[in-house]
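Close look at the chain arrangement
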Amino acid sequence: MGAFIAKLLLPTVSSLVFLPTASVAAKRGFHLEAMVYFFTMFFATIFHACDGPGLSIICFMRYDVLEYFTVYGTALSMWVTLIALGEFEEPQRSSITMFGVLTIAVRIYQDRLGYGVYSGPIGSAVLILTVKWLQKMKQQRSLYPEKSVYTQQVGPGCCFGALALMLRFYFEEWDYAYVHSFYHLSLAISFVLLLPKNNRFVVKGQSAVKLSWCTLCCCTLSPGSTKEMTEKIVKKKKSQSVWSIPIKKKDKDTPTLPLFHTPSPVKGTNISRLKELNGWK
């Protein structure tokens, strides 16, 4: 009985594997991608928990709504990961990301179980990446990006992504609990491998923010540390203080009036001698 319950809870527990993926994305400076991974993890966990024994109390939404957001979050995670791999500049990055957000929502609302749910975003993102990389190769007349990107990121990431899709659509009938759990694991590994090692648009000299609730809610202004920002604000306030008196340095050529110095009394002289010195009689 215990093994049966553990088997039913396995897809729920395996959905939490997207949390380390979100943490890695936030550490590398990809906060938007981290928030999407966290979104996927949250709804996937709740969705699979509703199928488990004794956990139906946490189903705060209808079952079909949870299923919709689970599939939507997974497809959107694939989209933002591949777009991040292209390293697009603004406003191209925002426009392409929003295009995927809107089109994926409409596509999944129409059909959330077909192959086009994931093949559409993947195919569109790969086409956009191919066009950009071919343009870069034509301009630079060399391989773009570097060979290490293909061998360390694109190759292994695509292999784990293909494995995840094969488990999802072709092998779930064998044993749903174990196969679907390995599907979650393969997909999370694929996201970590495909995501660039660091965000090149992050300001240099600033460390990335650790994953927190404020980070996920986009409350941080920049990926720099809070301590550095606080020190800059304090220095700025000190320099703009009302009570500080500006001191203007004098130029060397500016004429100045001679200063009056009181004559020091001459020691060893009497009153008659002082009178003679001053011309008194």
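Residues numbered from 1 in each chain as written. Predicted model: local features only at pLDDT ≥ 70, side-chain atom pairs only at ≥ 80, totals over all residues. Heavy atoms only, no water.

1. Topic: the state of the cysteines
If you walk through the whole model with that rule in mind, you get one disulfide. Paired through a disulfide, Cys50 and Cys59 show a sulfur-sulfur distance of 1.8 Å. Unpaired in terms of disulfides, Cys158 finds its nearest cysteine sulfur in Cys159, a separation of 7.1 Å. (Disulfide = S-S within 2.5 Å.)

2. A word on a nonpolar patch on the surface
Taken together, Phe42, Phe60 and Met61 make up a surface patch of nonpolar side chains, about 260 Å² in accessible area. A relative accessible area of 35% means that Phe42 is categorised as partly exposed. (Patch = residues over 30% accessible without salt bridge, like charges linked within 9 Å, V, L, I, M, F, W, Y side chains within 5 Å. Areas by Shrake-Rupley, 256 points an atom, 1.4 Å probe, with all protein chains shown as cover. Salt bridge = Lys/Arg side-chain N within 4 Å of Asp/Glu carboxyl O. Buried < 20%, exposed > 50% of the residue type's maximum accessible area, 1.4 Å probe, protein only.)

3. Focus on the environment of Ser124
By the element assignment, Ser124 lies in helix H6 (residues 116-140). By relative accessible area, which is 33% here, Ser124 ends up partly exposed. (Helix = DSSP H or I, 4+ residues; strand = E, 2+ residues; numbered from the N terminus.)

4. Re unusual backbone geometry
Here the amide bond leading from Glu90 into Pro91 is cis, since omega sits at 5 degrees, within 30 degrees of zero. Along the chain, Pro91 falls in the loop between helix H4 (63-86) and helix H5 (92-110). Across the junction of Tyr144 and Pro145, the peptide omega takes the value -10 degrees, indicating a cis bond. Checked against the element boundaries, Pro145 lands in the loop between H6 and helix H7 (147-170). A positive phi angle, near 55 degrees, is found at Glu87, a position not held by glycine. Inspection of the secondary structure assignment puts Glu87 in the loop between H4 and H5. For Arg141, which is not glycine, the phi dihedral falls at a positive 55 degrees. By secondary structure assignment, the location of Arg141 is in the loop between H6 and H7.

5. Looking at the UniProt feature "transmembrane region" (unreviewed entry) in the protein chain
In the numbering adopted here, UniProt assigns the feature "transmembrane region" (unreviewed entry) to residues 35-58, 65-85, 115-134, 154-171 and 177-195. With 100% helix and 0% strand, the stretch residues 65-85 has end C-alpha atoms that lie 30 Å from each other. A distance of 28 Å separates the end C-alpha atoms of residues 115-134, which is 95% helix and 0% strand. (UniProt positions renumbered as here; feature names shortened; annotations may be inferred.)

6. Considerations on the side chain of Thr12
Of note, Thr12 is situated in helix H1 (residues 2-14). Look at Thr12 and you get buried, because its relative accessible area is 10%. A distance of 3.3 Å separates the side chain of Thr12 from the backbone nitrogen of Ala49, its partner in a polar contact. The contacts of Thr12, once residues within four sequence positions are left out, are Thr45, His48 and Ala49. (Polar contact = N/O pair within 3.5 Å; in protein donor to acceptor, adjacent residues only side chain to side chain. Contact = heavy atoms within 4.5 Å.)

7. Observations concerning the packing of helix H2 (residues 18-27) against helix H8 (residues 176-194)
A pair of packed helices is characterised by two quantities: the angle between their axes and the separation of those axes. Orientation of H2 relative to H8, taken along the N-to-C sense of each, is 5 degrees, at an axis distance of 9 Å. Relative to H8, H2 is oriented roughly parallel. Contacts between H2 and H8 involve Phe18, Thr21 and Val24 from the first element and His184, Leu187, Ala188, Phe191 and Val192 from the second. For the contact of H2 with H8, the per-class residue count stands at six nonpolar, two polar and no charged. (Axes fitted to C-alpha atoms, helices over the stretch in contact; angles between N-to-C directions. Parallel < 35°, antiparallel > 145°, perpendicular 65-115°, else oblique. Nonpolar A, V, L, I, M, F, W, Y, C, P; charged D, E, K, R; others polar.)

8. Quick notes on the pattern of salt bridges
One pass over the structure, following the stated rule, counts seven salt bridges. A salt bridge links Asp64 to Arg62, with the shortest nitrogen-to-oxygen separation between them at 3.3 Å. Overall, the relative accessible area of 36% leaves Asp64 in the partly exposed class. Of the residues examined, Arg62 reaches a relative accessible area of 56% and is grouped as exposed. The shortest N-O distance in the salt bridge between Glu87 and Arg200 comes to 3.2 Å. With a gap of 113 residues between them, Glu87 in the loop between H4 and H5 and Arg200 in the loop between H8 and helix H9 (213-216) connect regions that are remote in the sequence. For Glu87, a relative accessible area of 23% translates into the label partly exposed. Counted as one network, the salt bridges with shared partners bring together Glu33, Glu90 and Arg93.

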